[in-house]
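# Breakdown of the fold
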Amino acid sequence: DFENRFDLPHLRDVFDIKPMPTTFSLHNRGSQIVSGADLPEDRKNGYVNDDDRALLKVIKYSSPTSAGAECIDADCSWVEQWVHRAGPRKQIYFEPEKVNAGIVTCGGLCPGLNDVIRQIVFTLELYGVKKIIGIPFGYRGFFDQGLPEIPLSRNVVQNINLAGGSLLGVSRGGANVSEIVDSIQARGIDMLFILGGNGTHAGANAIHNECHKRKMKVSVVCVPKTIDNDILLMDKTFGFDTSVEEAQRAINSAYIEAHSAYHGIGLVKLMGRSSGFIAMHASLSSGQIDVCLIPEVPFKLDGPYGVLQHLEHLIETKGSAVVCVAEGAGQDMLEKSNATDASGNVVLGDIGVHIQQRIKRHFKEVGVPADVKYIDPTYMIRACRPNASDAILCTVLGQNAVHGAFAGYSGITVGICNTHYVYLPIPEVIASPRTVDPNSRMWHRCLTSTGQPDFM
Ligand code: ATP
Ligand code: MG
């Protein structure tokens, strides 16, 4: 049902509630800085109408044979899809003075978490919210009695964006939805902001459903936190740009090492469990990568047209080579383990170490000297503070999360789609991880840039 696909769950669907005029105003302190004599007052305040929509895709393919064509059906007929615009509403569904807001950060670290927390707190206070708490160490903080909640205010969060990490701490696992909702109830939280990836969003949606089942008027709003950029429909998620930028430092070091050594081969492992966006973008942006390996594109190491033979060719012709591999790539060539992390994610085999050993062995076997340098910058990247563009993205997303909660939505997430800031129903964005389409133009550009063949 394309017409209603992106409709948002709203508290008034479940509760008999009436809206009230918003307390959020851009010139509520008597200031005249927001001018524009003839503009309607609502527009000067920046209010977004509930009925506003942004168009999800602005390209129309004339044929399924067009490069990168994404078609709804065989003859590429077109269906317009509209998503809800994010932003402050003129009417709100919570009395700010009585709001009890909670913020929690789950999963792994990602540049920008503190920036989002900070903006959520600032914006809540602008509405007039008095009680804001941080739940420590992810979902665990809801029921681990030894972990006290963290009172938040403008003063507390003022400078937290100057460092990476999360003021609140993060964790994996421990998501018993019923216990979490018990804790939300006991604490009297009625607005919950949840920052996390795919797993966290699944948990948030379950929390949203459980709250409504228990007739608790709680607004659950997510901000997608995934360094891998693996959330469906979104142009990008915060932290991704920074990761790509930081990854280039590692790539540059690998390049220098490889270039300065006799028959040097630099190998860099980057994040990307099921999506190769970081590896692809870092390869594209650095321009120093000869071989980029991602989870979406199968490859072989041995034999004709294998990676190892190509490396031999590179050493012969260029004297050095640089390889970039995403952590989820080539998992089929590693021994399967049944191990899972605390959140139930399968623990991946280390493809970086595997390729490093295989390269060394191969060159020894063919009697060609090769000097392999392996770099895994994962944790250095995740702990960074965001770059300028991510910091701005965090700011917008954090503010919009608060506007979404006051607008009465629950079970939603915020994002940027097709350059517009929007709200989306959670299930739509986590139906599967967003992955690199091997037939997309960006992957084709990456291949053009590295000059690598199909390793099959
Ligand atoms: P990252 O990008 O760092 O992997 P993530 O949100 O996917 O972020 P996870 O560790 O997978 O990180 O999950 C975070 C939290 O969400 C954990 O506390 C986990 O227990 C919970 N969680 C994961 N999947 C689900 C699910 N299907 N239902 C409920 N909770 C879940
Ligand atoms: Mg995850």
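Residues numbered from 1 in each chain as written. Chains lettered and ligands numbered in written order. Predicted model: local features only at pLDDT ≥ 70, side-chain atom pairs only at ≥ 80, totals over all residues. Heavy atoms only, no water.

### Examining the packing of aromatic side chains
All chains considered together, the criterion is met by four aromatic pairs. Plain terms: the ring middles of F94 and F406 are 6.4 Å apart, the flat faces sit at 90 degrees to each other, and that makes the pair edge-to-face. A residue pair is termed long-range when its members are at least 10 positions apart, and F94 in the loop between β4 (91-92) and β5 (100-105) and F406 in helix α11 (residues 388-406) qualify at 312 residues. Since its relative accessible area comes to 3%, F94 is described here as buried. Centre to centre, the rings of Y127 and F406 are 3.9 Å apart; their planes meet at 10 degrees, and the pair counts as stacked. Of this pair, Y127 sits in helix α2 (residues 113-127) while F406 sits in helix α11, placing them 279 residues apart in sequence. Here Y127 falls in the buried class, since its relative accessible area comes to 2%. Taken together, F24, F94, Y127 and F406 form an aromatic cluster joined through their ring pairs. (Phe/Tyr/Trp six-rings, centres within 6.5 Å; stacked < 30°, edge-to-face > 60°. Helix = DSSP H or I, 4+ residues; strand = E, 2+ residues; numbered from the N terminus. Buried < 20%, exposed > 50% of the residue type's maximum accessible area, 1.4 Å probe, protein only.)

### Describing the packing of helix α6 (residues 240-260) against helix α7 (residues 277-286)
Here α6 crosses α7 at 60 degrees, and the two axes come no closer than 9 Å. Classified by the angle their axes make, α6 and α7 are oblique. Here α6 and α7 pass one another in a crossing that is right-handed. Along its contact with α6, which presents F240, S243, V244, A247, Q248 and I251, the element α7 presents F277, I278, H281, A282, S283, S285 and S286. (Axes fitted to C-alpha atoms, helices over the stretch in contact; angles between N-to-C directions. Parallel < 35°, antiparallel > 145°, perpendicular 65-115°, else oblique. Left-handed = near helix turned anticlockwise from the far one by under 90°. Contact = heavy atoms within 4.5 Å.)

### Considering the nonpolar core
As a rule of thumb, nonpolar side chains are buried together in soluble globular proteins. Counting 73 residues, the largest nonpolar core has I103, L124, F193 and F406 as the members making the most contacts within it. Among the elements that line this core, the one with the most residues is α2, at eight residues. Counting 22 residues, the second largest nonpolar core, distinct from the first, contains L267, F299, L314 and I359. (Core = buried A, V, L, I, M, F, W, Y, C linked by side-chain atoms within 4.5 Å.)

### Observations regarding the packing of α7 against helix α13 (residues 441-450)
The N-to-C vectors of α7 and α13 enclose an angle of 45 degrees; their axes lie 9 Å apart at closest approach. One element, α7, and the other, α13, form an angle in the oblique class. The handedness of the crossing between α7 and α13 is left-handed. Across the interface between the two elements, M280, H281, S283 and L284 of α7 pack against M442, W443, R445, C446 and S449 of α13. The residue inventory of the contact of α7 with α13, partitioned by class, reads five nonpolar, three polar and one charged. (Nonpolar A, V, L, I, M, F, W, Y, C, P; charged D, E, K, R; others polar.)

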